[in-house]
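Results of the structural survey
Each chain, written out:
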Amino acid sequence: MRVLIIKIFIKICIDIENRFVEFYKEKISFTSIKYLIPILGCIIGMILLCINSKSNTEIIFSVLGGLLFAKALGLFGEVMYFIFEDNRKINQYKKLYENSYKKSLWFGKNKVIFYYEPIFTNQNGNDYSIILNDFPKKHFQPDPLILTNYSNLLYAHRNDVVINYNCIRLDNCEINLLNREIILSTSRAKCFDHLVTNFAMDFRLEKGITIRSIYEYKEHLIPLKDSKMANVIGVNALVFLNDGTLLMPLRGTGATISKHMVTSSIAQGCFWEENSRKITKNELIYDFIKHGIKERLFLLESVLNSSDIQVDFLGFGRVAAWGGKPQLYYIVKIDLNAKEYIEKSLIFEKKEDDIDKDREILLVKTFEIVNNTSFLKMSCINKKYLLRYGKVKIYSKICEAECSFFCNCYHFYKYYERDTTINNWLLYKIMGVR
């Protein structure tokens, strides 16, 4: 109970802070001016009335007080709604998967618990060959019950920025340990199919039924080949700079999942618009990482040489909370320090209609778990100070991390578990995992 109260309190504080920051960053537009003029007119009118009559003053302040109180209640209700929005989509899984997919990681003196099914862990960088069987003309068809409730399920994302991209779906995977082969079978699915299945598992429909209660109600996930979920492949990578800085995006209000949470440096779906063409192994394994470096971390290929980027495949698995959504995990090392990254990264905001828009990129030197929850207390670099004075100034920030970030940390730990080289242990120390 104590942990739950702390978690809710931190969520409220963080959400209020996020809203004030977003309001502060809002640029004055024609729309805001259109509303500003009548507000100023009302204020001037009230001042004139107050000057002419004391009774008018009492009436006006009573009305104004009532309006402010009503506005405060409305703001509080809105904040509470956004705080628990993700919980309405994803919540009924911890008890279900307690004995099957429960994992824990220690970060310093605190541990975090998450629910995950690792399918393949690439320990010590073992050389496994990946065989990709892609079927571009095969498209995922939602189950009839999902189609019947499609609009209701999509309503779970009514406050999100949603775009119906074509995506790569993982139909099945086989691991041949003897031949050291990973065989992936892929097809196509729509982003909306993904939103109404994997990202709306516990959204309540008529009579309280949910996608999880119908299709994934057992303690073990249904195998990929039989799954009724869209199962769009996700790509996650922890990106380190050469001075040990970890890049961590902080998601904004319009994110489809994990609002106002920090994620892995790259955390995105495999969007693929060339439906008629087969995707290659390199495109699936590496090109999506390059795309993420550009779109999420704002580094163009023109400012980096191929030798500046090292990509290591850590493994993959299924996130139990998200109905067994398959995720590929990586670690990426970029040969830039924090100051060079800030100078070379694109200084622009993603368009408002971009899916899963990030509010900012945090430059994290170290982090620790807060009271055995999924919240991180991070020591971050002040970017403006570093650019202006060339010196590192640290500030603290507390944010919740999405579950897939901890899955990424899990594979990171497994990858370097028996590796004692100096460079790898430096990264290991930064993460603080034991």
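Parameters at a glance
Residues numbered from 1 in each chain as written. Predicted model: local features only at pLDDT ≥ 70, side-chain atom pairs only at ≥ 80, totals over all residues. Heavy atoms only, no water. Helix = DSSP H or I, 4+ residues; strand = E, 2+ residues; numbered from the N terminus. Buried < 20%, exposed > 50% of the residue type's maximum accessible area, 1.4 Å probe, protein only. Contact = heavy atoms within 4.5 Å. Areas by Shrake-Rupley, 256 points an atom, 1.4 Å probe, with all protein chains shown as cover. Salt bridge = Lys/Arg side-chain N within 4 Å of Asp/Glu carboxyl O. Expected span 1.5 Å × (residues − 1). Pairing = 2+ DSSP bridges. Axes fitted to C-alpha atoms, helices over the stretch in contact; angles between N-to-C directions. Core = buried A, V, L, I, M, F, W, Y, C linked by side-chain atoms within 4.5 Å. Bend = angle between axes of the 7 residues up to and from the residue. pLDDT = per-residue confidence, 0-100. Phe/Tyr/Trp six-rings, centres within 6.5 Å; stacked < 30°, edge-to-face > 60°. Lys, Arg positive; Asp, Glu negative; His and termini not counted. Polar contact = N/O pair within 3.5 Å; in protein donor to acceptor, adjacent residues only side chain to side chain.

1. Description of the overall build of the protein
Within the protein, the regular secondary structure consists of 13 helices and 14 strands. Counting every position in the protein, which comprises 434 residues, the buried fraction comes to 48%. Here the contacts in the protein between residues at least 6 apart in sequence split such that 73% fall between residues at least 24 apart. Accessible surface computed for the protein: about 22,100 Å², of which carbon and sulfur atoms make up 58%.

2. Comments concerning the pattern of salt bridges
Scanning the entire structure with this criterion turns up 12 salt bridges. E283 serves as the salt-bridge partner of R277, at 2.9 Å between the closest nitrogen and oxygen. By relative accessible area, which is 15% here, E283 ends up buried. One salt-bridge network, held together by shared partners, links K89, D160 and K259.

3. Regarding helix 12 (residues 403-415)
Residues separated by three or four positions in an α-helix point in the same direction, a consequence of the helix having 3.6 residues per turn. Here helix 12 is 13 residues long and its end C-alpha atoms lie 19 Å apart, about the 18 Å a rise of 1.5 Å per residue gives. The element helix 12 is largely enclosed, with a buried count of 12 among its 13 residues.

4. Brief notes about the sheet that holds strand 5 (residues 181-190)
The sheet built from 3 strands is open, its strands ordered 3-5-4 with mixed pairing. Of all the strands in the sheet, the pair left with one neighbour each is strand 3 (129-139) and strand 4 (166-176). Adjacent strand axes in the sheet meet at a mean angle of 20 degrees, parallel and antiparallel pairs treated alike. One ladder, built from 7 bridges, connects strand 3 with strand 5; its direction is parallel. Across the sheet, the residue bridging to H139 is R188, located in strand 5.

5. Digging into the nonpolar core
Among the nonpolar cores identified, the biggest contains 63 residues, and V262, L376, M378, F405 and F406 are the most heavily contacted of them. Beyond its immediate chain neighbours, meaning those up to four positions away, M378 contacts M248, V262, L362, V364, T366, F367, Y395, S396, K397 and C399. Formed by 43 residues, the second largest nonpolar core is a distinct cluster that contains L224, F313, L336 and A338.

6. Observations concerning the pairing of strand 14 (residues 394-401)
Bridging between strand 8 (residues 261-262) and strand 14 involves 2 bridges; their strand directions are parallel. Bridge pairing in strand 14 links M261 to E400. With 7 bridges connecting them, strand 13 (residues 375-381) and strand 14 associate as antiparallel partners. For F375, the partnering residue across the bridge sits in strand 14 and is E400.

7. Some details on the environment of C380
Mapped onto the secondary structure, C380 falls in strand 13. For C380, a relative accessible area of 0% gives the class buried. For the pair formed by C380 and T366, sequence separation is 14 residues and the distance between their alpha carbons is 7.6 Å.

8. Re helix 9 (residues 281-295)
A rise of 1.5 Å per residue sets the reference length of helix 9, with its 15 residues, at 21 Å; its end C-alpha atoms lie 21 Å apart and thus fit the reference within 8%. Its axis deflected by about 35 degrees at D287, helix 9 carries its strongest bend there. All buried positions along helix 9 are accounted for by E283, L284, I285, F288, I289, G292 and I293. On its buried face, helix 9 sits against strand 3, strand 5, strand 6 (234-241), strand 9 (266-269), strand 10 (309-319) and strand 11 (325-334).

9. Examining the confidence of the model for the protein
Scored by pLDDT, the protein has a mean of 80; 73% of the residues are at 70 or more. Confidence drops under pLDDT 50 across residues 20-35; counting only partners more than four residues distant or on other chains, this segment forms 8 contacts. Scored below 50 in pLDDT, residues 420-426 makes 5 contacts in the model with residues more than four places away or belonging to other chains.

10. Notes on the packing of aromatic side chains
Taken as a whole, this structure holds 18 aromatic pairs when the rule is applied. Between F114 and F406 the ring centres are 6.4 Å apart and the planes differ by 25 degrees, which places this aromatic pair in the stacked class. You can see F114 sitting in strand 2 (residues 110-121) and its partner F406 sitting in helix 12, a full 292 residues away along the chain. Taking the relative accessible area as the measure of exposure, F114 reaches 3% and is therefore buried.

11. Quick word on the side chain of K325
When you line up the elements, K325 lands in strand 11. There is no salt bridge for the buried K325, and the closest opposite charge comes from E402, which lies 8.4 Å off by N-O distance. From its side chain, K325 meets the backbone oxygen of V232 in a polar contact 3.1 Å long. A polar atom in the side chain of K325 sits 2.6 Å from the side chain of Q327. In contact with K325, not counting residues within four places along its chain, are H194, N198, F199, N231, V232, I233, G234, G317, R318 and V319.

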